[in-house]
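The residues making up each chain are set out below.
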Amino acid sequence: MGFARVIVGLGLSALLAQGVLAGELALGGEANESTVEFQQPLGISDNKVTSSDVTHVARSPATEAVQDPQDVSVAPKAQPKLNSESYSFKTTVDDVKVIKWEGLGALVGITALGAKSWDWGGSSFHFNNEHWFSKNTGSGGADKLGHAFTGYALTNAFAERLQAKGRSPERAALSASLLSTALMLYVEAFDGFSGDHGFSYEDVVMNSLGVGFAYLRQTNPRLKSLVDFRMEYKPSGYKGFKPLSDYEGQKYLFALKLSGFKSLKQSPLRYFELQAGYYSRGFSKEARNDGQFRRQNGFVGIGVNLSQLFFGYPSEADRYYERTGRFIFEHVQVPYTAIRAEKKF
């Protein structure tokens, strides 16, 4: 009985080896008409595996799903977001329609502000050389930075709304840039009818720089995580609360956010930022009548990154108030949240 058990056991081992080899040949796709022979021990009859046997094994129910590619389940590809490829005038129109209420709101707000604060309609159309940041200008260059900041902020706002509607960052940034450029040209055209301003090529250049920087920031996540362009405002006491026209109360700055550095993402330093900026004082008629002298100041400092402090890193799971709050802190510098050293020019 013991000898018989050995014979049966060895026979089963040989049959198992034949089945494994047949499966390997079927999966490898290299079976042919050649015959594979096995040395069978202890008098077991020779068994031969032919290509027909291999085919039978390969097409067995156990292996059918592996062999037939039509039966293999393939996960559906994710639908790509609308991108900027083959961008056309129709693409721009489609995107503007998607954010028509935001664009209309900006147009109405700009028109109201121009009529009330910028003296639109106060003169016939004329050009004006505003001499950039010269001390002989009406605001020491603060209005130039205001043009850049307005184009920048509009572009960012439109781009992020378009991305929320499913546009890719590249397409959203391009459509937003074109819409913002059109709105800023509208501003400049009506500045030409202002006795206080006039159409200025310097303003057009600064508009373009602001829009261009926003485009780069929207299409480069690394840049966006590192750098903000902001405006700080405290009412000067001469015009009430007018953040966009009270140049005596404005400061403009760039902030380098330490949270954007990979090595500092888990460090307490991520709540801080390095700042560099500019402001002017004593250029308005009201300030001069108050006895102030014209002065232009630059500054550097260390500030608190309020966006990181209150909302942390951006996430697709962010709620509306988190996205809104982060956007505000990325564009508005809250007074008294930085320590600075200043230099008069």
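Check the entry above for the structure.
What counts as what
- Residues numbered from 1 in each chain as written.
- Predicted model: local features only at pLDDT ≥ 70, side-chain atom pairs only at ≥ 80, totals over all residues.
- Heavy atoms only, no water.
- Buried < 20%, exposed > 50% of the residue type's maximum accessible area, 1.4 Å probe, protein only.
- Helix = DSSP H or I, 4+ residues; strand = E, 2+ residues; numbered from the N terminus.
- Pairing = 2+ DSSP bridges.
- Patch = residues over 30% accessible without salt bridge, like charges linked within 9 Å, V, L, I, M, F, W, Y side chains within 5 Å.
- Areas by Shrake-Rupley, 256 points an atom, 1.4 Å probe, with all protein chains shown as cover.
- Salt bridge = Lys/Arg side-chain N within 4 Å of Asp/Glu carboxyl O.

Draft legend 1. Quick look at the pairing of strand β3 (residues 227-233). Here β3 lies mainly inside the structure; seven of its seven residues are buried. Of the two faces of β3, the one holding Val227, Phe229, Met231 and Tyr233 and the one holding Asp228, Arg230 and Glu232 are both buried throughout. Here β3 pairs with strand β4 (residues 250-257) via seven bridges, running antiparallel. Bridge pairing links Arg230 to Leu253 in β4. Bridging between β3 and strand β7 (residues 332-333) involves two bridges; their strand directions are parallel. Paired with Met231 across the strands is Val332, a residue of β7.

Draft legend 2. Looking closely at a nonpolar patch on the surface. Side chains of Leu256, Leu269, Phe272, Leu274 and Ile302 sit close together on the surface and give an oily, nonpolar patch of about 410 Å² of accessible area. For Leu256, the position within the fold is in strand β4. On the basis of relative accessibility, which here comes to 31%, the residue Leu256 falls in the partly exposed class.

Draft legend 3. Quick look at the sheet that holds strand β5 (residues 272-281). The strand order β7-β3-β4-β5-β6-β8 describes an open sheet built from six strands, whose pairing is mixed. Two strands close off the open sheet at either side, each with one partner strand: β7 and β8 (338-344).

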